[in-house]
Amino acid sequence: MEKEEEELFVPRLVTTEENFARGHRACIGCGEALAVRHVCKALGKNVIIVTATGCIEIISSLLPQTSWRVPWIHTLFENVAAVVSGIESAYKARVRKGKIPDKEVKFVGFAGDGATSDIGLQALSGAMERGHNFLYCCFDNEAYMNTGIQRSSSTPYGAWTTTAPVGKKSIGQATWKKNMPEIAVAHKIPYVATACPSYPFDLMDKVKKGAEIEGPAYIHIFSPCPTGWRYPTNLTIEMGRLAVEAGVFPLYEVINGEYRLSFDFPELKPVREYMKEQRRFRHLTDDIIEKIQARVEEEYFRLREKAGVK
Amino acid sequence: MKKGKVVGLEGSFAVAEAVRMANADVIAAYPITPQTHIVERLSELVADGELDAEFICVESEHTAMSACVGASAAGARVFTCTAGQGLELMHEVLYIPSSMRLPVVAVIANRALSAPLTVWCDHSDVMAIRDIGWIQMFAENNQQAFDLTLCAYRIAEDNEVLFPTMVHLDGFYLSHVIEDMVLPDEEDVTGFIPEYKYPFTLDPDKPVSMGCYGPPFIYPETKRAQEVAFENTRPKILGTWKEFGDTFGRYYSPVEKYKMEDAKIALLTMGSCSETAMLAIDEMREEGKDVGLIRLRLWRPFPFKEFRDAVKDIELLVVLDRCISFGMGGPVCSEVKSALYDKRERPNIVGFIGGLGGRDIPIEGFKSLIQRALEKVKAIERGEEIETEMIGIRE
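Rules used in this analysis
Residues numbered from 1 in each chain as written. Chains lettered and ligands numbered in written order. Predicted model: local features only at pLDDT ≥ 70, side-chain atom pairs only at ≥ 80, totals over all residues. Helix = DSSP H or I, 4+ residues; strand = E, 2+ residues; numbered from the N terminus. Rg over C-alpha atoms; globule rule 2.2 N^0.38 Å. Buried ≥ 20, exposed ≤ 12 C-beta atoms within 10 Å, placed from the backbone. Contact = placed C-beta atoms within 7 Å. Pairing = 2+ DSSP bridges. Core = buried A, V, L, I, M, F, W, Y, C linked by C-beta atoms within 7 Å. Domains from an automatic or database assignment. pLDDT = per-residue confidence, 0-100. Nonpolar A, V, L, I, M, F, W, Y, C, P; charged D, E, K, R; others polar.

Chemist: How would you explain the overall build of chain B if you had to name every residue and give the values?
Modeler: Check the secondary structure of chain B and you find 13 helices and 16 strands. Its C-alpha atoms give chain B a radius of gyration of 21 Å, near enough to 21 Å, the size a compact globule of 395 residues would have. With the principal axes as the frame, chain B shows a C-alpha extent of 70 × 55 × 45 Å. Evaluated residue by residue, chain B yields a buried proportion of 52% over its 395 residues. Restricting to contacts in chain B with at least 6 residues of sequence separation, those with at least 24 account for 80%.

Chemist: Outline the sheet that holds strand β3 (residues 106-112) of chain A, listing residues and values.
Modeler: Strands pair in a sheet through their backbones, by hydrogen bonds, and they do so in one of two ways: parallel or antiparallel. Taken in spatial order, the nine strands line up as β10(A)-β9(A)-β7(A)-β8(A)-β4(A)-β3(A)-β1(A)-β2(A)-β9(B) in an open sheet, and their pairing is mixed. Of all the strands in the sheet, just β10 (258-261) of chain A together with β9 (209-210) of chain B have a single pairing partner and so form its edges.

Chemist: Quick one: what's the story with helix α12 (residues 331-340) of chain B, residue by residue and with numbers?
Modeler: Looking only at α12 of chain B, the buried set comprises P331, V332, C333 and V336 of chain B. Contacts from the buried residues of α12 of chain B go to α5 (124-127), β11 (265-269), β14 (316-321) and β15 (348-353) of chain B.

Chemist: Mind laying out the nonpolar core, listing which residues take part and the relevant values?
Modeler: By size, the foremost hydrophobic cluster in this structure holds 222 residues, and its most contacted members are I87 of chain A together with V26, L267 and V318 of chain B. Of the residues that make up this core, three or more belong to each of domain 1 (5-248) and domain 2 (255-390) of chain B. Discounting chain neighbours no more than four positions away, the residues touching L267 of chain B are A277, I281, V291, L293, V318, L320, F366 and I370 of chain B.

Chemist: Just give me the short version of unusual backbone geometry, but keep the residues and values in it.
Modeler: With omega at 0 degrees, the peptide bond leading from L63 of chain A into P64 of chain A counts as cis. Topologically, P64 of chain A is positioned in the loop between α3 (55-60) and β2 (72-74). Following T33 of chain B, the chain continues to P34 of chain B via a peptide bond in cis, the omega torsion being 0 degrees. With respect to the helices and strands, P34 of chain B occurs in the loop between β2 (26-29) and α2 (36-47). Despite not being glycine, E142 of chain A shows a phi value in the positive range, around 65 degrees. Looking at the element boundaries, E142 of chain A is found in the loop between β4 (135-140) and β5 (166-167). Positive phi values are uncommon outside glycine, yet K188 of chain A reaches one of about 55 degrees. In this structure, K188 of chain A sits in the loop between α7 (180-186) and β7 (191-195).

Chemist: Got a sec to walk through the confidence of the model for chain B? Specific residues and values, please.
Modeler: Per-residue confidence for chain B averages 97 on the pLDDT scale, and 100% of its residues sit at or above 70. Scored as a complex, the prediction yields pTM 0.97 and ipTM 0.97.

Chemist: Give me the lowdown on the interface of chain B and chain A, citing residues and values where you can.
Modeler: One widely used convention gives an interface's size as the accessible area the parts lose upon coming together. Counting from both sides, the interface comprises 38 residues of chain B and, opposite them, 40 residues of chain A. Elements supplying a minimum of two residues to the side of chain B that touches chain A: β2, β3 (54-57), α3 (61-73), α4 (84-99) and β9 of chain B. Looking at which element gives the most residues to the side of chain B that touches chain A, the answer is α3 of chain B, with nine residues. Residues belonging to the side of chain B that touches chain A are distributed by class as follows: 23 nonpolar, nine polar and six charged. For β2 of chain A and β9 of chain B, the ladder comprises two bridges, and the chain directions are parallel. Bridge pairing links W72 of chain A to S209 of chain B in β9 of chain B.

Chemist: How would you summarise the domain arrangement of chain B if you had to cite specific residues and measurements?
Modeler: Residue and element names in this part refer to chain B. Considered domain by domain, chain B is made up of domain 1 (5-248) and domain 2 (255-390). Averaged C-alpha coordinates put domain 1 and domain 2 at centres separated by 28 Å. Counting residues at the interface gives 27 residues for domain 1, matched by 19 residues for domain 2. Among the secondary structure elements, those contributing two or more residues to the side of domain 1 that touches domain 2 are α5, β6 (135-138), β7 (165-170), α8 (219-231) and α9 (233-248). With four residues, the single largest contributor to the side of domain 1 that touches domain 2 is β6. Here the residues of the side of domain 1 that touches domain 2 sort into 13 nonpolar, eight polar and six charged.

Now the structure itself:
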């Protein structure tokens, strides 16, 4: 598409309104900041956002400036879902008591993979179990990037991190990535999805669904990180695409327990192709890559079965 | 003067009644002994429609306080309560509402800390959270627990205050004891506590960013602003207590004095044991001793002026701590000493630790404590070093 054509067509597909303002301090090529931008476009103005301590919080809210054009609050690392619970309950009570009009405000939590699958898991589980009406977006860049690339339970098997270093007796991360979306599904909440900023329309569609649905909604957003994964900053979109096409991070929805694949790849690209440009994987030997390949295929085809794809 | 009616109420129910009359919007709490009767009663009030609030039955105290922070930022009048270990689990979150100026109200049923596991009362939980930047006050009976909880809303939510406020009542001694108390009429309470309007609510029509990131070029200024604002709460606290007294007939002050008029020796206590201490003072007065009692009602901000005034004419101050700061003695005694250090004229100060983990201190205990203090003063005069003594310990 020529530039003129882009300027003609793109604004008709996506709003040009930016509620996550530019000028923030994210690294060049940050997949997470891009994902947040898309999510904010989909959410619009009628929203209150709670953010965990982490990359997004520190790049967007350095006093006395802010990137947030919607009401936004950050308090601590592990309590995003708890703070959302309080805000949603306050809104419900105040509307019921006639103190404010009901404008159908959306309540949304933003957190990284560490704040979601490690330290904030209990608060999230509690909020999902209690059934608050909120959307939770986990921006997964597969390690504690803000503090300097330490491993989380969301770091993939074999990846180098600063606390899962590669050494004579270590291949890097020695455990398999925690399946957070499945943990959300186990809470029997009405909406769970995975998304990636390399597929912006799919992502925004899911955010709108998650925000509209009554009850808890969880979206796990794969957010490539050139700084932590050690790939060239111009390859962020490609990294997301390769992860999806290799089956490493399948895109799907679970609506009231029903699985649906957003994109299906009967022939997966080899994981080696996804790993090739990332220096966090460069130490891996063929046998370990084969082990990862087998696991990815097994999980992908099991997911396909759940989604009823023959 | 507003009258009300005399009722027999458990301390926990008195607190719940205050929260009901204050018409709280959001309650977030996690059950822990000895606070349980407060949350149970509030759950009933909400279930029966007698209090129109969202009761968030959370999965931890960390979440309880986090939910209160969120609800308060969204403009709700909020309440939580906890005890002992629960207060410790909340610890990290406690700094948030005070730094972000959110008027959360919390009641603590004071409980000792593990290990060994205990559910009984002392002040170890409070002393671990001295520096959180909350307004903190102590109740000695159920009437005070009720009155101070009402006052906490009025103080915290004043737009010139906007600091979270905590009321301490001793676990079991008050939380589980039924006492006579005056319950004011609801419309009088409604008149005393105006409708809550937080000035910076999270609202899509007026977006604000809360809880931003403060590097070294701005962090110290934020803390300075917080300290200045916290100091400025003093006249508001006094004003609220004065107005409460004028309305309901019960007056409170930061430092409460009992039989101190001509006293040369003063005992200093906090919380429910103060009432036993009063009986000990009565007996000692009858025996002709010049003793009186000082109780710290306001713990934070520390009432320097009122405290210095209270002890200016005495020769000996005996401090009872229901907490031990390992390797340092009693925390209240340390603070009291530092509050008087720059005064040229100051009494001898002798500290004791007692009443740990629910161990009762009887009237005789207080009397012998004052006797022991007099002996220690003699030792000090002989130039000997004295150690903080733990009382009521079986050898």
